[in-house]
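An overview of the molecular structure
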Amino acid sequence: MSGEESSSQRKIKRNNNNSKSKNYSNLSWAVRMQRRAIWTINANPRKTVYGESLRRFNGKEYRRWDPRRSKLAAAMIRTRNNPDILLPAAGSQILYLGAGHGTTISHLHDHLCGADNRKGGRLVAVDLAPRCLRDLTHLAHSRKGLVPVLGDARKHTAWGALVPRRVNWLFQDVAQAGQVEIFLSACDSFLAIEGIALLSLKAASERWNSEGEAALFTEVGRKIEAHGLELLEGIKLTGFEDNHTLFVVRRGS
Ligand SMILES: C[S@@+](CC[C@H](N)C(=O)[O-])C[C@H]1O[C@@H](n2cnc3c(N)ncnc32)[C@H](O)[C@@H]1O
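Position numbers for residues count from 1 along each chain, tracking the sequence in the order it is written. Note on the predicted model: pLDDT of at least 70 is required for a residue's local features to be given, and 80 or more for side-chain atom pairs to be given and counted; whole-chain, interface and lining totals, by contrast, use all residues.

Moving on, we come to the overall build of the protein. Secondary structure follows DSSP: runs of H or I at least 4 residues long count as helices, runs of E at least 2 residues long count as strands, and numbering of each begins at the N terminus. The secondary structure content of the protein amounts to seven helices and 12 strands. Field definition: a residue is buried when 20 or more other C-beta atoms are found within 10 Å of its C-beta, exposed when 12 or fewer are, and partly exposed for counts in between, with C-beta atoms placed from the backbone. Each of the 253 residues in the protein was classed as buried or not, and the buried ones make up 43%. Contact criterion: two residues are in contact if their C-beta atoms, reconstructed from the backbone, are within 7 Å. Across the protein, contacts joining residues at least 24 apart in sequence account for 63% of those joining residues at least 6 apart.

Relative to strand β3 (residues 37-41), strand β2 (residues 31-34) runs antiparallel, the two sharing four bridges. Across the sheet, the residue bridging to Gln34 is Ala37, located in β3. The criterion for strand pairing is that DSSP finds at least two bridges linking the strands in question. Connecting β2 to the antiparallel partner β3 that follows it, the hairpin turn spans two residues, and Arg35 within it adopts a positive phi of roughly 50 degrees. As judged from the four bridges shared by β3 and strand β5 (residues 60-65), these two strands associate in the antiparallel manner. Its bridge partner being in β5, Ile38 is matched across the sheet by Trp65.

The environment of the ligand is formed by 19 residues, the closest being Gly98, Gly100, Thr103, Thr104 and Ala153. At the level of secondary structure, the elements contributing two or more residues to the shell around the ligand comprise α3 (103-112) and β7 (122-127). Looking at side-chain class alone, the shell around the ligand contains eight nonpolar, six polar and five charged residues. The criterion for a residue being near a molecule or strand is a backbone-placed C-beta atom within 6 Å of that molecule or strand. Three categories are distinguished: nonpolar for Ala, Val, Leu, Ile, Met, Phe, Trp, Tyr, Cys and Pro, charged for Asp, Glu, Lys and Arg, and polar for the others, with Gly belonging to the last.

A few words now on the sheet that holds strand β8 (residues 146-150). On the basis of which strands lie adjacent, the open sheet formed by seven strands has the order β8-β7-β6-β9-β10-β12-β11 and mixed pairing. Each end of this open sheet is capped by a strand with a single partner; those strands are β8 and β11 (229-236). Averaged over all pairs of adjacent strands, the angle between their axes in this sheet comes to 15 degrees, without regard to strand direction. Sheet topology places β7 next to β8; five bridges connect them, and they run parallel. Of the residues in β8, the one forming a bridge with Leu123 is Leu146. Where helix α7 (residues 212-226) meets the sheet, its contacts fall on β10 (191-202), β11 and β12 (244-251), and the angle it forms with β11 comes to roughly 160 degrees. Simply put, an axis is a line fit to the C-alpha atoms, just over the touching stretch for a helix, and the angle between two N-to-C directions goes from 0 to 180 degrees.

Attention shifts here to the pairing of strand β4 (residues 54-57). Relative to β5, β4 runs antiparallel, the two sharing four bridges. Looking at β5, one finds that Arg56 is bridged to Glu61. Taking the residues between adjacent antiparallel strands as the criterion, β4 and β5 are bridged by two residues, where Asn58 takes a positive phi near 45 degrees.

The next subject is helix α6 (residues 179-190). Taking 1.5 Å of rise per residue, the 12 residues of α6 would be expected to cover 16 Å, and the 16 Å separating its terminal C-alpha atoms lies within 8% of that figure. Taken residue by residue, α6 has Gln179, Val180, Phe183, Leu184, Ala186, Cys187 and Phe190 as its buried positions. Around the axis of α6, the buried residues are gathered within 160 degrees of arc, so they sit on the same side. At its buried positions, α6 is contacted by β6 (93-97), β9 (167-172), β10, α7, β11 and β12. Here, expected helix span is obtained from the residue count minus one, scaled by 1.5 Å. The arc under discussion is defined with respect to the helix axis, by the directions toward the C-beta atoms.

Model confidence for the protein is summarised by a mean pLDDT of 91, while 89% of its residues fall at 70 or above. Note on scores: pLDDT gives the predictor's confidence for each residue, bounded by 0 and 100. Note on residues 12-20: pLDDT under 50 across the span, and six contacts to partners over four residues away in sequence or across chains.

This part covers the sheet that holds strand β1 (residues 24-26). Sheets are built from strands that pair by backbone hydrogen bonding, the pairs being arranged parallel or antiparallel. Spatially, β1-β2-β3-β5-β4 is the arrangement adopted by the five strands of the open sheet, whose pairing is antiparallel. The two strands at the open ends of the sheet, each matched to only one other strand, are β1 and β4. Across the sheet, the axes of successive neighbouring strands diverge by a mean angle of 30 degrees, strand direction being ignored. α3 contacts β2, β3 and β5 of the sheet and is inclined by roughly 55 degrees relative to β3.

Along the chain, the position of Cys187 falls in helix α6. Expressed as a C-alpha distance, the spacing of Cys187 and Leu198, which sit 11 residues apart in the sequence, is 9.9 Å. Leaving out residues up to four positions away in the same chain, Cys187 has contacts with Leu170, Ala197, Leu229 and Arg251.

Here it is, written out as structure tokens:
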């Protein structure tokens, strides 16, 4: 780590000093953590995306962010640091590789964009599967700022023009062989200096060596650091998503 304290390191420190006196904390204007439940202000009121519960707090409708359906939510519960470091800045542009049917995407959109995209965010969501794109496109009709892209995370030239400037937050959850190389290449092409990138690694998608899963995760951490990226945390998601670790990485200057 360099001598100078980055904004992400400051956030970690702030968390460690945080008082836990109240039983909830607002991680952002739209994300609320109450005990171990996470809620986001619904950008599309009265509509659910995947059957999640709705509830009102202080006159606003929130959707429950299910950690068993979203690795990002699971990581926010499991992290040893401030969970808000795992969120992008509201109103920023982000890149999400392996968007699936939009479960995590929808909560990120609540926070990044809000209703009618009043925060001015932009969420580029890439997935290889036409079935996923159908659902993402449907979601985008009611969620301005969401940009679904049918594309392969390995082939930047086909869709990279949709990400005209580097992003401060990048997420990858492609669950396919070669996840680490795909991630490192995406960081090279799209991640801004000081940006945070999150890699959800599914052990079963990689070839196992004889030393098993723990050795695999150690090896991935080593590859990330050898690539010149700073590894802030490896969050084991056991209990929510077995055999998964979410790596939190920062691009230094
Ligand atoms: C585990 S799912 C993603 C779930 C999603 N991240 C969520 O939290 O709701 C993995 C997704 O990665 C997509 N995928 C796999 N390989 C890909 C690639 N090379 N490029 C883009 N998407 C890919 C699959 O189609 C699948 O939708």
